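Residue strings, one per chain:
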2 protein chains.
Amino acid sequence: MNNGSSFSASLFEPRSIAFIGASTNPAKWGFNILHHIIRGGYAGDLYPINPQGGTWFGRPLYRSLAEVPGPVDLAIIVVPKEKVPDTLRECIDARIPAAVIITAGFGETGAEGKALEQEVLSIARSGGIRIVGPNTMGVFSAYPSHMQAVMTSAPFKQGPVAVVTQSGNLGTSISYRFLRRGIGISRLISSGNEADLTVEDYLEYLETDEKTRLICLYVEGVRQGRRFIDTIGRISSAKPVILLKGGTGDTGASAAMSHTGAMTGSFEVFQSICSQANIIMAESIDEMVNIGGLMLSQPEIRGKRIGIVTQGGGWGVISADLCEAAGLELPPLDDRVVSMLDSFLPPYWSRRNPVDLVAPNRVSMMTDSAEALLKHADMDAVLLLGLGYLTGRATRWMESPVLPREVVEQPARKLIAGERELVDLITRQIRQFGKPIIPVVDIVGFDEPGENNIVRHLDTKGIMAYSSPEQAIRALAKAQDYYERRRTRAEALQASR
Amino acid sequence: MNNGSSFSASLFEPRSIAFIGASTNPAKWGFNILHHIIRGGYAGDLYPINPQGGTWFGRPLYRSLAEVPGPVDLAIIVVPKEKVPDTLRECIDARIPAAVIITAGFGETGAEGKALEQEVLSIARSGGIRIVGPNTMGVFSAYPSHMQAVMTSAPFKQGPVAVVTQSGNLGTSISYRFLRRGIGISRLISSGNEADLTVEDYLEYLETDEKTRLICLYVEGVRQGRRFIDTIGRISSAKPVILLKGGTGDTGASAAMSHTGAMTGSFEVFQSICSQANIIMAESIDEMVNIGGLMLSQPEIRGKRIGIVTQGGGWGVISADLCEAAGLELPPLDDRVVSMLDSFLPPYWSRRNPVDLVAPNRVSMMTDSAEALLKHADMDAVLLLGLGYLTGRATRWMESPVLPREVVEQPARKLIAGERELVDLITRQIRQFGKPIIPVVDIVGFDEPGENNIVRHLDTKGIMAYSSPEQAIRALAKAQDYYERRRTRAEALQASR
């Protein structure tokens, strides 16, 4: 009997999977989730099961668990809800230690569904099998073998972010936002109705999961408040937990109850508890990923002193406003730093922070200025505003029907190469100074075709770019706050020893 | 002598342009802005001027204004700053009524520059020529002939949005965000240092400009407070004005002073005056475009009753939270509407607002639900959450190396066609009910290749899609507030007559 100890090896590192309810009909989850597992390249033994037998596009279908030739670590169940109890009994007979029940129509649908869910739970408890779900969109695990057992159809890649979510579609929304920026996922768990395993179980696993460096958590309501808070508090002293809360308002809370049956409780109380546990509260999916991307792609920020280097005055002005509103500081530049910048900036530069370069003619002015700010003005982080414009202009030259190619080809290549080189310079400076240098590539630069896309180039270097100053600055402020509290606590702990 | 009356025909509808400072060097604005005018297809007479003569890629270069064969309505000046006074005198001699001075290095650079700016202004005043700038990134005017006399290299298209900006780069940031969503620009004016013409002048022109249906305004400080407020107040009773304020904080205000020499004053006072004038205050560039796109692509919203139709529970929950936080209402569904929805929704639907369809198998469930909410539950607007997922899944099928094409091609085409048809249904319903139906296409759907991109398809139908619920809901709340105040004022005015 497995009483809560180690579901995790079976669930996240299964050597073999029985996929119960395999289908050749593309309209079914029994088709799609199986497809995602196979396409993802799961390296263990995979046994797709359908009572009719036959094949799944060349792979044999097993008629039942009894036909499966080897031991099974994990069952993924997509059969109709009324068949779930018997299916679970068969899993127990086959000594399968864990099951993901994708099937919906349980506690979330009313009294009848609740009774069925209770029956499933009783069977599981008495047979010693642990359950994810029911009503889950699945589980992804990147290590040791790529197991994409989720409804999400975008191909996953492995990386440091774990996503635990009480909503399948938000799990997809969050994961996809990381994936498209080149940031991989370690585990994704859609917890569904949490009949058996709950977010607290998954969090405890992630606490010691070496592959996970950052946790994104969407919760509507927690079932074990004390355990939840203790767990996230412990985790956040080692790795950041970014939390988005659903059901913060009355209507949302009712919707949450209808969605997963979760009782949401008072948001104010929840928020204050999370704040004490140094959990980063995100206000939206986008903000969650903006914060996460920053923390993964940049060194720890060690203070509030922000330097801004901008290619345009207006960006500098609104960024200064945003920093002030977010509680960050823009220290003035002392004479020494001004004269240092004077030595290589054009005569019309702003002579203050933000450092306004006014359409610089050399890209290295950006990084030279960043160096002056980080090294000599002792800033804790630098924002670089306006990358990508030179590449954009060069691309427009090359596309233009009125410019002879021989006139623009050389200068265009030079501008594009210059901005690519700038990315390398930024990468090197981040390492050299151990401080964040955060590029803001106005949305113009996000759209460039192919290899001219400076955002993709930054992505491949592991540096998250932001499409507007506000996204970068809000993320920076929340990351700064997290690190500051973590340092303060660590010091207090040290002192008390 | 033209004393402020009608600069607008010369500036926005010039029959001929002298481009003074034309260059064949791609590093110069004298090259790039000229390129943008020519590539844009300006249909009037264009006279590029460079004292060296020769040609500009096949077009004759004139040595001076004196050589130009016909009358000139507008001069665009990009010569070095010390040559600006004489150039302006030549423009006056040639009886040119208006000039755009791109050249920088004036009031924004200190005492010497201020003196030069004063000299330029005196020359202009005494000669009766009106000036945009100096230190402007230029002017775009879509009507009657496409005149893209701006630094912005992205090709403009004509449309209903006017942009007036005290920052050139923010003008580009704002315009480009509209353009990439298929929303065109009527006029873009970068006001620069406002030595002569000011934002107030441009706003007065736009007040009666029939091509302009919505005005986006970035200001750091206004020079004629009373006139500014009177003008935007009058405009906003007829067309929306969305304003982003730079220099709201202390550091930002200092940066603004250094940027354009603008005194920003107290933001609280400014905000309260704007609120009385029913100006929509945007908190960021992104929000400005989110609000503007909503107002242009949807009918007037006539109340706060919001219906939500979602393909996933979590999206519904966070959207309900966001609506509540933004002061919008999610009215419960009465029994009649529930039983109406019961008649075509699957048995497991949420039976409440948000209407959670839980991965519907027919796309028309979305629009049928929208109809029930708009027509029978009397909602003022409907949010449709989760478009684009079916197309995404279908696209993944077609790309998959493990699925035989003959198995997935038919169902894939059906899903994609279904979502395209959904777009048509939405378009028709918006017209039929005269109420907003706002699609939220999670960022997944923004990335689809080619014709499968449902966002581009919505763009071509003139419907703005949002990549997250929060963007849609914040825009909706601000638009609703604007319309409500406008109706209330109009009614009060009516009653007082």
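Residues numbered from 1 in each chain as written. Chains lettered and ligands numbered in written order. Predicted model: local features only at pLDDT ≥ 70, side-chain atom pairs only at ≥ 80, totals over all residues.

Caption draft 1: Up close: the domain arrangement of chain A. All names here are of chain A. Entries for chain A in the domain assignment read domain 1 (1–136), domain 2 (157–297) and domain 3 (300–482). For domain 2 and domain 3, the distance between their C-alpha centres works out to 32 Å. At the interface, 12 residues of domain 2 touch 14 residues of domain 3. For the side of domain 2 that touches domain 3, the leading source of residues is helix H10 (residues 285–297), giving 7 residues. In terms of residue class, the side of domain 2 that touches domain 3 is built from 5 nonpolar, 5 polar and 2 charged. (Domains from an automatic or database assignment. Contact = placed C-beta atoms within 7 Å. Helix = DSSP H or I, 4+ residues; strand = E, 2+ residues; numbered from the N terminus. Nonpolar A, V, L, I, M, F, W, Y, C, P; charged D, E, K, R; others polar.)

Caption draft 2: View of the sheet that holds strand E1 (residues 16–20) of chain B. All names here are of chain B. Strand order in the open sheet formed by 5 strands is E2-E1-E5-E6-E7, with parallel pairing between adjacent strands. In this open sheet, the two edge strands, each paired with only one partner strand, are strand E2 (45–49) and strand E7 (130–132). Sheet twist, expressed as the average angle between the axes of neighbouring strands with direction ignored, equals 20°. Relative to strand E5 (residues 74–77), E1 runs parallel, the two sharing 4 bridges. Looking at E5, one finds that Phe-19 is bridged to Ile-76. (Pairing = 2+ DSSP bridges. Axes fitted to C-alpha atoms, helices over the stretch in contact; angles between N-to-C directions.)

Caption draft 3: Quick peek at the environment of A:Gly327. All names here are of chain A. Here Gly-327 is to be found in the loop between helix H11 (313–325) and helix H12 (335–342). A count of 10 C-beta atoms within 10 Å places Gly-327 in the exposed class. Every residue in contact with Gly-327, bar those within four places of it in the chain, is listed here: Lys-304 and Ala-477. (Buried ≥ 20, exposed ≤ 12 C-beta atoms within 10 Å, placed from the backbone.)

Caption draft 4: Layout of helix H13 (residues 364–376) of chain B. Residue and element names in this part refer to chain B. Over its 13 residues, H13 runs 17 Å from end to end, which matches the ideal 18 Å to within 8%, given 1.5 Å per residue. Those residues of H13 that fall on the buried side of the exposure criterion are Met-365, Met-366, Thr-367, Asp-368, Ser-369, Ala-370, Ala-372, Leu-373 and Leu-374. Lining the buried residues of H13 we find strand E15 (306–310), helix H12 (335–342), strand E16 (355–356), strand E17 (381–385), helix H15 (405–433) and strand E18 (437–440). One or two positions beyond H13, positive phi appears at Asp-378, with a value near 55°. (Expected span 1.5 Å × (residues − 1).)

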